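# Results of the structural survey
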Amino acid sequence: MKRYSDLEYLKLPKWRRFLYTLLCLIVGIPSGIWNGIKKIGNAFVKFGKRIAFEFKDIYLTFKNGDWKTRTSFFIMGFGSLARGQIMRGLLFLLMEIVFIGYMALAGVKWVSQLPQLGVQGPVKEYDPIFDQYTTAYHDNSFKILLYGVLTIFFAIAVIYTWRINVKQNQIAEKILASGKKLKSGKDDLRSLVDDQFHKTLLSLPLFGIVVFTVMPIIFMILVAFTNYDSINDGYINNLFDWVGWDNWNTMLSWGEGNVRYGATMGEILTWTLIWAFFATFSNYFLGMGVAMVINKKGIKFKKFWRTCLVLTIAIPQFISLLYVSKMFAPNGLINGFLLDMKWIEQPLPFWTNATWARITVIIINIWIGIPHLMLMATGILMNIPADLYESAKVDGAGVWKQYTKITLPYMLFVTGPYLLTSFIGNMNNFNVIYLLTGGGPSNLDAAGVLGAPGETDLLITWLFKMVTTSEPAAYNLASVIGIIVFVVVAAISLIVYNVMPSTRNEEDFQ
């Protein structure tokens, strides 16, 4: 394939530019995949080198350190206490005491039971006092898995703290060897609100991310490798256990008859991506267009038109979407009006035909989403320098040229991150789909699949049905869906974030 220089490319007709760009994209896919694999490999190599460096540094610190430093390898904070850094030493020592106490009282128990997730479940035992059999509850698989994961995270945090403790001793030795004075407790506190204030501010959000984001994701991943459902609930009915890749084989297999999880997964994932694309970009461009029209000079009652659009935001979606769903029902207001006017002979299948239902939810979502984009675009459009448009008019640029060369690039630069989060949000847009159609109409090809997903179900609504309406409630299979959603969302986010103008061409909009 011939490669054009920048000048040769600009001389090409528009249709040849498009074809050339498309061919470059297709040809570049294998090299892009290979480069991605190399980057992942390089990341593992760097990680391995970093681990090797840390082990080497720990060994040298122990070998060359004084007796205070060596003692700190076993009694955290001893070196800091011996050198007069009381606050640091007490914090390190407290961490070790709490960890040892927790592991002795409960941690070892939870971690030791992780391989089996419990030994004895609920059993019927005879009660001679009441002369009847009662259920005696023993192990709890859910608690074992949860507290086991928490214990592992706690152990990792302690190991990291131990490494900091060793590093602090190494640094303290170097400072004392140079003849300088070590920081006191007051100096440390002053540092936390001065030169280290950024770490103080980030500590709480980082803790929240680990506890409320990272740990639930890991727990969900682990559940996907168990047989956890409403029958094997881990405590009341039966214990659950590890089943390896069985859940993944179930969800990705084509099966026979109506039990076609793989085909159903592919169909729903495809519709989810289609829905997210149209729901995002239809709102984006139409909302921008409405904002441009309202902001245009000569348009009267600007505040009135904005107020009318904002009213759709003020009304809770739970109310508006349920009402709109009834309006488009076979016996609803829309079909009733069309029948009364003799424009149709039978009700239109807004919610009973798959194609009609999908198009209808996209159109209704436009009604919901345009006001948000209109408000956002209004503020951004007012900040585009008027000199750019005046210069473009002088150069003979028409309205379309001004839009594609000035307005749209500026909007994409400012709203790029929002556009990405909007796309991801629409992939998980539970409200619009569930309140309008409930996932319907029915998908006969997926009638035997747990949750009975319909033609308009997204992955998130299918997951919800799988744990609320199916019998048994398949939490394990729902976890597989959750992981697939996470992988797709993460991949799209990483790819788009690295190519959006907001992160690549920031200097062009200074």
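Provided above is the structure to which this section pertains.
Residues numbered from 1 in each chain as written. Predicted model: local features only at pLDDT ≥ 70, side-chain atom pairs only at ≥ 80, totals over all residues. Heavy atoms only, no water.

Secondary structure assignment for the protein yields 20 helices and 2 strands. Whereas a compact globule of 510 residues would reach a radius of gyration of roughly 24 Å, the protein reaches 31 Å, over 25% beyond that. Each principal axis of the C-alpha distribution contributes one length, and for the protein these read about 90 × 80 × 55 Å. Out of the 510 residues belonging to the protein, those deemed buried represent 35%. (Helix = DSSP H or I, 4+ residues; strand = E, 2+ residues; numbered from the N terminus. Rg over C-alpha atoms; globule rule 2.2 N^0.38 Å. Buried < 20%, exposed > 50% of the residue type's maximum accessible area, 1.4 Å probe, protein only.)

This part is about the layout of surface pockets. Taken as a whole, the largest pocket holds about 2,200 Å³ of empty space. Together, 44 residues line the largest pocket, and Phe 92, Tyr 160, Thr 161, Ile 164 and Lys 199 are the ones closest to its centre. Broken down by secondary-structure element, the contributors of at least two residues to the lining of the largest pocket are α2 (14-64), α5 (86-113), α6 (141-177), α7 (185-192) and α8 (197-223). Top contributing element to the lining of the largest pocket by residue count: α6, with 15 residues. For the second largest pocket, the calculated volume is near 860 Å³. Taken together, 16 residues form the lining of the second largest pocket, with Asn 295, Lys 296, Tyr 389, Lys 393 and Gln 402 sitting closest to its centre. Elements with a contribution of two residues or more to the lining of the second largest pocket: α10 (261-295), α15 (386-394) and α16 (399-427). (1 Å grid on protein atoms, 1.4 Å probe; cavity = no way out; pocket = protein on both sides within 12 Å on 5 of 7 lines; lining within 4 Å. Points joined across faces, edges and corners; volume = space filled by probe spheres on them.)

Let us look at the packing of aromatic side chains. What the rule picks out here adds up to 29 aromatic pairs. Each ring, one from Phe 62 and one from Phe 74, has its centre 6.4 Å from the other, and the planes form 85 degrees; the classification is edge-to-face. With Phe 62 in helix α2 and Phe 74 in the loop between α3 (67-72) and α4 (78-82), this residue pair connects regions lying 12 residues apart in the sequence. With a relative accessible area of 33%, Phe 62 lands in the partly exposed category. Clustering of aromatic rings is evident, with ring pairs tying together Phe 142, Phe 219, Tyr 228, Phe 240 and Tyr 475. We note Arg 70 situated over the ring of Phe 62; from NZ or CZ to the ring centre the distance is 5.5 Å. Lying across the ring of Trp 271, Arg 358 places its NZ or CZ 4.9 Å from the centre. (Phe/Tyr/Trp six-rings, centres within 6.5 Å; stacked < 30°, edge-to-face > 60°. Lys NZ or Arg CZ within 6 Å of the ring centre and 35° of its normal.)

Here we come to empty space enclosed by the protein. Here the structure, examined in full by the defined rule, presents 1 cavity of 30 Å³ or more. In this structure, the largest cavity spans a volume of roughly 30 Å³. As for the largest cavity, its lining consists of Glu 267, Ile 268, Trp 271, Arg 358, Asn 443, Pro 453, Gly 454, Glu 455 and Asp 457. For the lining of the largest cavity, the per-class residue count stands at 3 nonpolar, 2 polar and 4 charged. (Nonpolar A, V, L, I, M, F, W, Y, C, P; charged D, E, K, R; others polar.)

The next thing to look at is the pattern of salt bridges. For the structure shown, the criterion picks out 11 salt bridges. Of the charged contacts in the structure, one is a salt bridge between Arg 83 and Asp 66, with a shortest N-O distance of 3.0 Å. Of the two residues, Arg 83 sits in the loop between α4 and α5 while Asp 66 sits in the loop between α2 and α3, which places them 17 residues apart along the sequence. Residue Arg 83 is classed as buried on the basis of its relative accessible area of 13%. (Salt bridge = Lys/Arg side-chain N within 4 Å of Asp/Glu carboxyl O.)

Core analysis: the biggest nonpolar cluster contains 28 residues, and Met 251, Trp 462 and Ile 481 have the highest contact counts within it. The set of elements that each furnish at least two residues to this core consists of α9 (246-252), α10, α16, α18 (459-468) and α19 (475-499). With 10 residues, α19 is the single largest residue contributor to this core. Residue contacts for Met 251: discarding those within four places in its chain leaves Tyr 261, Gly 262, Met 265, Trp 462, Leu 477, Val 480 and Ile 481. Formed by 19 residues, the second largest nonpolar core is a distinct cluster that contains Trp 271, Val 324, Val 432 and Leu 458. (Core = buried A, V, L, I, M, F, W, Y, C linked by side-chain atoms within 4.5 Å. Contact = heavy atoms within 4.5 Å.)

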